[in-house]
Amino acid sequence: MDKVYLTWWQIDRAIFALADRLREYKPDVIVGVARGGLIPAVRLSHILGDLEVKVIDVKFYKDIEERMEKPLITIPLHGSLEGKKVVIVDDVSDTGKTLEVVIEEVKKAGASEVKVACLSMKPWTKVVPDFYVFRTDKWIVFPWEEFPVVVRE
Ligand code: 5GP
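Cut-offs used in this document
Residues numbered from 1 in each chain as written. Predicted model: local features only at pLDDT ≥ 70, side-chain atom pairs only at ≥ 80, totals over all residues. Heavy atoms only, no water. Helix = DSSP H or I, 4+ residues; strand = E, 2+ residues; numbered from the N terminus. Rg over C-alpha atoms; globule rule 2.2 N^0.38 Å. Buried < 20%, exposed > 50% of the residue type's maximum accessible area, 1.4 Å probe, protein only. Contact = heavy atoms within 4.5 Å. Phe/Tyr/Trp six-rings, centres within 6.5 Å; stacked < 30°, edge-to-face > 60°. Core = buried A, V, L, I, M, F, W, Y, C linked by side-chain atoms within 4.5 Å. Pairing = 2+ DSSP bridges. Salt bridge = Lys/Arg side-chain N within 4 Å of Asp/Glu carboxyl O. Polar contact = N/O pair within 3.5 Å; in protein donor to acceptor, adjacent residues only side chain to side chain.

An unreviewed UniProt entry lists the protein chain under the name Xanthine phosphoribosyltransferase, with Thermococcus camini as the source organism.

Shown next, in the form of structure tokens:
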């Protein structure tokens, strides 16, 4: 599968674009999906005025394009979301199966309204985020997934 590499600069611009949309929605809580959604979730929390961030961890991929049978919640949501307006933040909606599970968990926790914000989406996803910036059919490599080669003397 072809890959597309995003830079920190592109990501930060995308996060600010999401923040503009979220200012209109006015969420009470951000639910960040580990691991890929955590950096955008924390950044959005600061930009939007120290919004509360809750974390859920869902495992679905073993490797590029190698998925498990179904997404598995490895860190469940902590506490109640009773009556809260929630935005779920993730890096990418690919099959959409992870987001399906997370949306269900957020609703079970009592949220009054749920929206999804992702940096990117794949054209075939079954969960099109309410807010997203990039659309691609390639495998995305995010800047936090890369690291420089350290040369030791
Ligand atoms: P889904 O359940 O929508 O198929 O995939 C959800 C998760 O799989 C994403 O949150 C992300 O962590 C990972 N994932 C899916 N597609 C990509 C991709 O193109 N690049 C990266 N880096 N992760 C991906």
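1. Some remarks on the overall build of the protein chain
For the protein chain, the helix and strand inventory stands at three helices and eight strands. For the protein chain, the sequential pattern of α-helices and β-strands runs β-α-β-α-β-β-β-α-β-β-β. Taking 15 Å as the expected radius of gyration for a compact globule of 153 residues, we find that the protein chain reaches 15 Å, a close match to that expectation. Oriented by its inertia axes, the alpha-carbon framework of the protein chain measures out at about 55 × 35 × 35 Å. Of all 153 residues assigned to the protein chain, the portion counted as buried reaches 46%. Long-range pairs, those at least 24 residues apart, make up 68% of the contacts in the protein chain between residues at least 6 apart in sequence.

2. Some remarks on the packing of aromatic side chains
Any two aromatic rings considered together are summarised by their centre-to-centre distance and by the angle between their planes. Taken as a whole and assessed by the stated rule, the structure comprises three aromatic pairs. Seen in terms of ring centroids, Y25 and F131 are 6.3 Å apart; in terms of plane orientation they differ by 45 degrees. Their pairing is tilted. Highlighted residues: Y25 in helix α1 (residues 8-25) and F131 in strand β7 (residues 131-135), separated in sequence by 106 residues. Summarising the aromatic geometry, the rings of F142 and W144 are spaced 5.1 Å apart at their centres and angled 5 degrees between planes, so their arrangement reads as stacked. Owing to a relative accessible area of 22%, W144 belongs among the partly exposed residues under this scheme. One aromatic cluster is present, formed by W8, F142 and W144 through successive ring pairs.

3. Section: the nonpolar core
Ranked by internal contacts, the top residues of the largest apolar core, which has 22 residues, are L22, I30, L44, V87, V89, L119 and F142. When contributions to this core are tallied by element, the ones reaching two or more residues are α1, α2 (38-47), β5 (85-93) and β6 (113-121). In terms of residue count, α1 provides more of this core than any other element does, seven residues in total. Ignoring anything within four residues of it in the chain, the contact list for L22 reads P27, L44, L48, V87 and F131. With 18 residues, the next largest nonpolar core counts V58, V86, I88 and A109 among its residues.

4. Overview of the pairing of β6
As paired elements, β5 and β6 share eight bridges and run parallel to each other. Residue pairing for β6: D90 is matched across the bridge by C118. For β6 and β7, the ladder comprises four bridges, and the chain directions are parallel. Counterpart to A117 in the pairing with β7 is F131.

5. A few points about the side chain of E105
Mapped onto the elements of the fold, E105 is located in helix α3 (residues 97-108). Discounting chain neighbours no more than four positions away, the residues touching E105 are I56, I73 and L77.

6. Topic: the pattern of salt bridges
Per the counting criterion, the structure on display carries seven salt bridges. A salt bridge links K59 to D57; the nearest nitrogen and oxygen atoms lie 3.0 Å apart. Residue K59 is classed as partly exposed on the basis of its relative accessible area of 34%.

7. Description of the side chain of S93
Inspection of the secondary structure puts S93 in strand β5. Residue class for S93 comes out buried when judged on its relative accessible area of 1%. At 2.8 Å, the side chain of S93 forms a polar contact with the backbone oxygen of V127. Contact partners of S93, with chain neighbours within four places excluded, come to L99, C118, S120, M121, K122, T125, V127 and P129.

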